[in-house]
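Given next are the chains, with one letter for each unit.
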Amino acid sequence: MRTQVAIIGSGPAGLLLGALLHKAGIDAVILERKDRDYVLSRIRAGVLEQGAVDLITSVGVDTRLKAEGLPHAGFSMGFANRRLRIDLAGLTGQHVTVYGQTEITRDLMDARLAHGLTTVYNAEDVALHDFDSAKPRVTYVEGGVTHEIVCDFIAGCDGFHGISRASVPSGAISLFEKVYPFGWLGLLADVPPCDHELIYANHPRGFALCSMRSPTRSRYYVQVGADEDVAAWSDTRFWDELRRRLDPEAAAAVTTGPSIEKSIAPLRSFVAEPLRFGRLFLAGDAAHIVPPTGAKGLNLAASDVHYLAEGLREYYRDNSEAGINAYSARALDRIWKAERFSWTLTMLLHRFDSMNPFEQRMQEADFRYLENSRAAQTTIAENYIGLPF
Ligand code: APR
Ligand code: PHB
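About the criteria used
Residues numbered from 1 in each chain as written. Chains lettered and ligands numbered in written order. Predicted model: local features only at pLDDT ≥ 70, side-chain atom pairs only at ≥ 80, totals over all residues. Heavy atoms only, no water. Helix = DSSP H or I, 4+ residues; strand = E, 2+ residues; numbered from the N terminus. Rg over C-alpha atoms; globule rule 2.2 N^0.38 Å. Buried < 20%, exposed > 50% of the residue type's maximum accessible area, 1.4 Å probe, protein only. Contact = heavy atoms within 4.5 Å. Expected span 1.5 Å × (residues − 1). Pairing = 2+ DSSP bridges. Near = heavy atom within 4 Å. Polar contact = N/O pair within 3.5 Å; in protein donor to acceptor, adjacent residues only side chain to side chain. Areas by Shrake-Rupley, 256 points an atom, 1.4 Å probe, with all protein chains shown as cover. Core = buried A, V, L, I, M, F, W, Y, C linked by side-chain atoms within 4.5 Å. Nonpolar A, V, L, I, M, F, W, Y, C, P; charged D, E, K, R; others polar. Phe/Tyr/Trp six-rings, centres within 6.5 Å; stacked < 30°, edge-to-face > 60°. Right-handed = clockwise from strand over helix to strand, strands pointing away.

> Tell me about the overall build of the protein chain, and name the residues and values.
Looking only at helices and strands, one finds 13 helices and 20 strands in the protein chain. Here the C-alpha atoms of the protein chain give a radius of gyration of 21 Å, agreeing with the 21 Å that 2.2 N^0.38 yields for 389 residues. Dimensions of the protein chain, computed from C-alpha atoms along their principal axes, come out at roughly 60 × 40 × 40 Å. Buried positions account for 54% of the 389 residues belonging to the protein chain. The long-range share in the protein chain, meaning contacts at least 24 apart out of those at least 6 apart in sequence, stands at 71%.

Right under this line is the structure:
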């Protein structure tokens, strides 16, 4: 098989890149290790910056997003039983859109199918070859048979555990990482949300988040130890713990119900540099991980693939390598700023066993400063709605 761009991974990064390239008239094939249902079974954060909504709109995959996405003009932060609302609309003139990441993946997959574009699911043993030459190749096994794709470029959109980043010689890549000493236990339930906006709460027992997927489906999280076993958390234990960590008004408004899904996600900050190796580009979770505080994962994947698609469009349309040459630096500039924001919010909102009394007082002072400073609230708001790209 021959294509212009071989995309590894059919998560949001690979799918959105595929859609942007299709719109630009560039031929691409997506290789995905798992099947469609597996990819759609993963539950991830659901807050979209306007820039991500605009990109999805630009590829014409916004019908359900426009109908079902919930515009949120603000969110709250809880501390010491008080709640501070960050007025996104008032401080920045913009809002965010709450729409499940799984639904975006589904919409992009459906659009790809409708356009007759090739995705190979269950592609085993994907291997990248010769990306340091002008003629890269990708091989994979499907149904016991080895296939080869000859291409101009490879886009590594295969997530944190993918093969793309792992294919780069170790001397050519630098990795930056911070692993947090806790995880988020998430629960999804068909119950109405406890508030019309999100609440991120810092409590002596640990962080909690009240989020939602729709007016009838809620997503809640509580901070748990890194080695916690999800089996130790009955629904009742989860609901009790959640309510303990919220201010009395929010706690009283929580409607409980049976969980549809419950899982623990570790928290990590991670960046790889650079993001280009000859004709291989890394994008999305293959290139970086943010802790979910602030919900930047998908939004960063969107800006990465925007820069990459622009670069590839210039390459094919204008015969210019300027865009692909600039890709790594452009993407990393925005990635590091989102890493900084996600890290700041994580440090502000979580309880760390290692915190000494001085550091605890610093966290409290941070909150009290935020409560009374429009400038500090604006800093949070402009990052939450998303830096421009
Ligand atoms: N070969 C082919 N596909 C692979 C391989 C491989 N060796 N390894 C991983 N994949 C696939 C995974 O099965 C997955 O479907 O790559 C895809 C990567 O998708 P995500 O992990 O969702 O990564 P990305 O698209 O960058 O996600 C960006 O969306 O899912 C969230 O947490 C993620 O917020 C982040 C954002
Ligand atoms: C979610 O709805 O899953 C969610 C929302 C906001 C976050 C993280 C996760 O910051």
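> Outline helix 6 (residues 101–114), listing residues and values.
When the terminal C-alpha atoms of helix 6 are compared, their 20 Å separation across 14 residues agrees well with the 20 Å that a helix rising 1.5 Å per residue should span. In the stretch just after helix 6, G116 is the one whose phi turns positive, near 70°.

> Mind laying out the sheet that holds strand 16 (residues 217–225), listing which residues take part and the relevant values?
Adjacent strands of a sheet form backbone hydrogen bonds with each other and so pair up, either parallel or antiparallel. Read across the open sheet, the eight strands follow the order 6-5-14-15-16-13-17-20; overall the sheet is mixed. Edge positions in the sheet fall to strand 6 (82–86) and strand 20 (288–289), since each of these pairs with one other strand and no more. In this structure, strand 5 (residues 75–79) lies alongside strand 14 (residues 199–202), joined through four bridges in parallel fashion. Bridged to F79 within strand 14 is N202.

> Could you give me a rundown of the site of ligand 2, with the residues and numbers involved?
Contacts to ligand 2 come from 14 residues, most closely from Y200, S211, R213, Y221 and P292. Between an oxygen atom of ligand 2 and a side-chain N or O atom of Y200, the distance comes to 2.7 Å. In the environment of ligand 2, an oxygen atom lies 2.7 Å from a nitrogen or oxygen atom belonging to the side chain of R213. Considered on its own, ligand 2 offers 280 Å² of accessible surface; in the complex 99% of this is hidden by protein. When residues in the shell around ligand 2 are grouped by element, the largest group, three residues, is from strand 15 (residues 208–214).

> Could you give an account of the nonpolar core, naming the residues involved and the relevant values?
V5, I7, L16, L17, L21, L31 and L48 are the most contacted members of the largest nonpolar core, which has 75 residues in total. Ranked by residue count, the leading element in this core is helix 10 (residues 297–317), at 10 residues. Residue contacts for I7: discarding those within four places in its chain leaves G14, L17, G18, L21, A28, V29, I30, L31, A155 and C157. Residues M77, L91, Y180 and L370 belong to the second largest nonpolar core, which totals 34 residues.

> Can you explain the site of ligand 1? Please cite residues and give values.
Inspection of the region around ligand 1 gives 25 residues, with A13, E32, R44, Q101 and D285 positioned closest. R42 places a side-chain nitrogen or oxygen 3.0 Å from an oxygen atom of ligand 1. The backbone of L298 places a nitrogen or oxygen atom 3.1 Å from an oxygen atom of ligand 1. Relative to its free-state accessible area of 700 Å², ligand 1 is covered by the protein chains to the extent of 93%. Among the elements of the structure, helix 1 (12–23) and helix 10 are those that each provide at least two residues to the shell around ligand 1. The greatest single-element share of the shell around ligand 1, amounting to three residues, is contributed by helix 10. Split into classes, the residues belonging to the shell around ligand 1 amount to 10 nonpolar, eight polar and seven charged.

> For the packing of aromatic side chains, give the residues involved together with the corresponding values.
Taken as a whole and assessed by the stated rule, the structure comprises 19 aromatic pairs. Ring centres of F160 and F270 lie 5.1 Å apart, and the angle between their planes is 85°; on these two criteria the pair is classed as edge-to-face. Residue F160 is located in the loop between strand 12 (153–156) and helix 7 (163–166), and its partner F270 is located in strand 17 (residues 259–273); the two are separated by 110 residues in the primary sequence. F270 carries the same exposure label as F160, and that label is buried. Summarising the aromatic geometry, the rings of Y200 and F207 are spaced 6.3 Å apart at their centres and angled 45° between planes, so their arrangement reads as tilted. Residue classification places Y200 among the buried positions, given a relative accessible area of 2%. Take F207: its relative accessible area is 0%, and that puts it in the buried class.

> Go over helix 10, please, and point to the residues and values.
Compared with an ideal rise of 1.5 Å per residue, which puts 21 residues at 30 Å, helix 10 spans 30 Å between its outermost C-alpha atoms and is within 8% of the ideal. At the exit of helix 10 stands N319, carrying a positive phi of roughly 55°.

> Which residues make up the pairing of strand 1 (residues 5–8), and what values do they have?
Both faces of the sheet carry side chains from a regular strand, because those side chains alternate between them. Burial along strand 1 is two-sided: V5 and I7 and A6 and I8, pointing in opposite directions, are all buried. When strand 1 meets strand 2 (residues 28–31), the two strands line up parallel, connected through four bridges. Of the residues in strand 2, the one forming a bridge with I8 is L31. Taken together, strand 1, helix 1 and strand 2 form a β-α-β motif whose crossover is right-handed. Note: strand 1 against strand 12, four bridges, orientation parallel. Considered in strand 12, the bridge of I8 is made with G156.

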